[in-house]
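# Structural overview for review
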Amino acid sequence: TTNEPPAPTLVPVVGRITADVSRMPRAELLRTIELFVDSNYSSPIALEALILQEMTPATTTEGEIVSSLAPITLERFFERLGTRAPGRLLRAIGPDMTIGRAGGTPFIVTLSNSYETAFAGLLEWEPFMAEDLPFIAKKETSDETRGTMETPGGATTTTTSSSSVDQTSTTSTSAGSSTLFSFLVPRSSPVWKDIIVKNKDVRALVAHDGEVLLLYAFPKDGLLIIAQTREAFMLVVDALNAPVFGM
């Protein structure tokens, strides 16, 4: 990854990093993005961009085919990641995109030529989106919750049991006439919900405790934002509201 002269972005940013990802396998490509997101940033509210490039063939005016580094398109990026984004979505968004971070929080901004088609495609993609975009989707802190139960009877003993089938474990401690059970129960899976952020209609993947793990929205005609948090989304919208971009 190297510093490069300014490259065009779909949202105003204070810094740009370019990376040649021509021959990178998926795991290395994801690692490159994660390193960008996690590296030191100038400000928790500043937007910075990662410009992914790959060798792309082109034909000269003399008919000669040459290869040169060019920014990767959204469709090509999703292809490289092996996403399960439906074809109608890929036809309705891109080709330009900006991968960025707001502080240490990732986002993608891309174009849309049809809100109806793009939104329908995103709804279809929702069951796979978090897995397909692991560098954006926030991980839950734990998959389990702890519960307790007291039952009468039992000798003074302590036992522990676990099950690899349902990912639960139970510890019981008996004393006198009662037994106290402490057990782990798998938490409910995150669900997609309609929410409002900065007066914009947003689709969000929400954990059992209300934490947003991933979201997307169309803050203006022809533009799609996919972000990890409400805060990152709001910072991108504020940047797009800047006089030079104006929404």
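For the rest of this paragraph, the subject is the overall build of the protein chain. Across its full length, the protein chain carries five helices and 13 strands. Across the 247 residues of the protein chain, 41% fall into the buried class. If you take every contact in the protein chain between residues at least 6 apart in sequence, the share linking residues at least 24 apart comes to 56%.

Of the volumes computed, that of the largest pocket is approximately 280 Å³. Around the largest pocket, the lining is made up of 15 residues, and of these Pro8, Pro71, Ile72, Asp96 and Met97 lie nearest the centre. Looking at the lining of the largest pocket, the elements that each hand over two or more residues are strand E2 (47–59) and strand E4 (93–102). Considering each element in turn, the lining of the largest pocket owes the most residues, five residues, to E4. Residue classes in the lining of the largest pocket are distributed as eleven nonpolar, three polar and one charged.

Further remarks concern the pattern of salt bridges. Scanning all chains against the criterion turns up eleven salt bridges. One salt bridge in this structure joins glutamate 54 and arginine 80, with 2.8 Å as the shortest N-O distance. Within this pair, whereas glutamate 54 is found in strand E2, its partner arginine 80 is found in helix H2 (residues 74–81), the two being separated by 26 residues in sequence. According to the relative accessible area criterion, arginine 80 is buried, its value standing at 13%. A salt bridge links arginine 203 to aspartate 194; the shortest N-O distance between them is 3.1 Å. By relative accessible area, which is 13% here, arginine 203 ends up buried. Note on aspartate 194: relative accessible area 62%, which makes it exposed.

On to the nonpolar core, then. Within the largest apolar cluster, 39 residues are counted, with the highest numbers of intra-cluster contacts made by Ile33, Leu52, Phe77, Leu133 and Phe135. Elements that contribute at least two residues to this core include exactly helix H1 (26–38), E2, H2, helix H3 (87–92), E4, helix H4 (115–132), strand E12 (212–220) and strand E13 (223–227). Among the elements that take part in this core, H1 stands out by supplying five residues, more than any other. Apart from residues no more than four positions distant in its own chain, leucine 133 is found in contact with Phe78, Leu81, Trp125 and Ile226. Of all hydrophobic cores here, the second largest spans 26 residues; its members include Leu47, Val202, Ala217 and Val236.

Under the definition given, this model contains seven aromatic pairs. With centroids separated by 6.1 Å and ring planes inclined at 40°, the aromatic side chains of phenylalanine 77 and phenylalanine 78 adopt a geometry described as tilted. Each member of the pair phenylalanine 77 and phenylalanine 78 is classed as buried. Between phenylalanine 77 and phenylalanine 135 the ring centres are 6.0 Å apart and the planes differ by 65°, which places this aromatic pair in the edge-to-face class. Pair noted here: phenylalanine 77 is in helix H2 and phenylalanine 135 is in the loop between H4 and strand E6 (144–152), with a separation of 58 residues, a long-range link. You'll find phenylalanine 77 and phenylalanine 135 in the same group, each marked buried. One aromatic cluster in this structure is built from Tyr115, Phe119, Trp192, Tyr216 and Phe218. Above the face of the phenylalanine 36 ring, arginine 101 is positioned so that its terminal group lies 5.0 Å from the ring centre.

With that settled, the discussion passes to helix H5 (residues 230–240). Buried within H5 we find Ala232, Phe233, Val236, Val237, Ala239 and Leu240. The arc that holds every buried residue of H5, seen down its axis, measures 160°, which confines them to one face.

Next up on the list: the side chain of arginine 203. Counting through the fold element by element, arginine 203 comes out in strand E11 (residues 200–206). Side-chain polar atoms of arginine 203 contact the side chain of glutamate 126, separated by 2.8 Å. A polar contact of 3.1 Å, which involves the side chain of arginine 203, links it to the side chain of aspartate 194. Setting aside chain neighbours within four positions, we find arginine 203 in contact with Phe119, Leu123, Glu126, Trp192, Lys193, Asp194, Leu214, Leu215 and Tyr216.

Definitions and limits used
Residues numbered from 1 in each chain as written. Predicted model: local features only at pLDDT ≥ 70, side-chain atom pairs only at ≥ 80, totals over all residues. Heavy atoms only, no water. Helix = DSSP H or I, 4+ residues; strand = E, 2+ residues; numbered from the N terminus. Buried < 20%, exposed > 50% of the residue type's maximum accessible area, 1.4 Å probe, protein only. Contact = heavy atoms within 4.5 Å. 1 Å grid on protein atoms, 1.4 Å probe; cavity = no way out; pocket = protein on both sides within 12 Å on 5 of 7 lines; lining within 4 Å. Points joined across faces, edges and corners; volume = space filled by probe spheres on them. Nonpolar A, V, L, I, M, F, W, Y, C, P; charged D, E, K, R; others polar. Salt bridge = Lys/Arg side-chain N within 4 Å of Asp/Glu carboxyl O. Core = buried A, V, L, I, M, F, W, Y, C linked by side-chain atoms within 4.5 Å. Phe/Tyr/Trp six-rings, centres within 6.5 Å; stacked < 30°, edge-to-face > 60°. Lys NZ or Arg CZ within 6 Å of the ring centre and 35° of its normal. Arc of directions from axis to C-beta. Polar contact = N/O pair within 3.5 Å; in protein donor to acceptor, adjacent residues only side chain to side chain.

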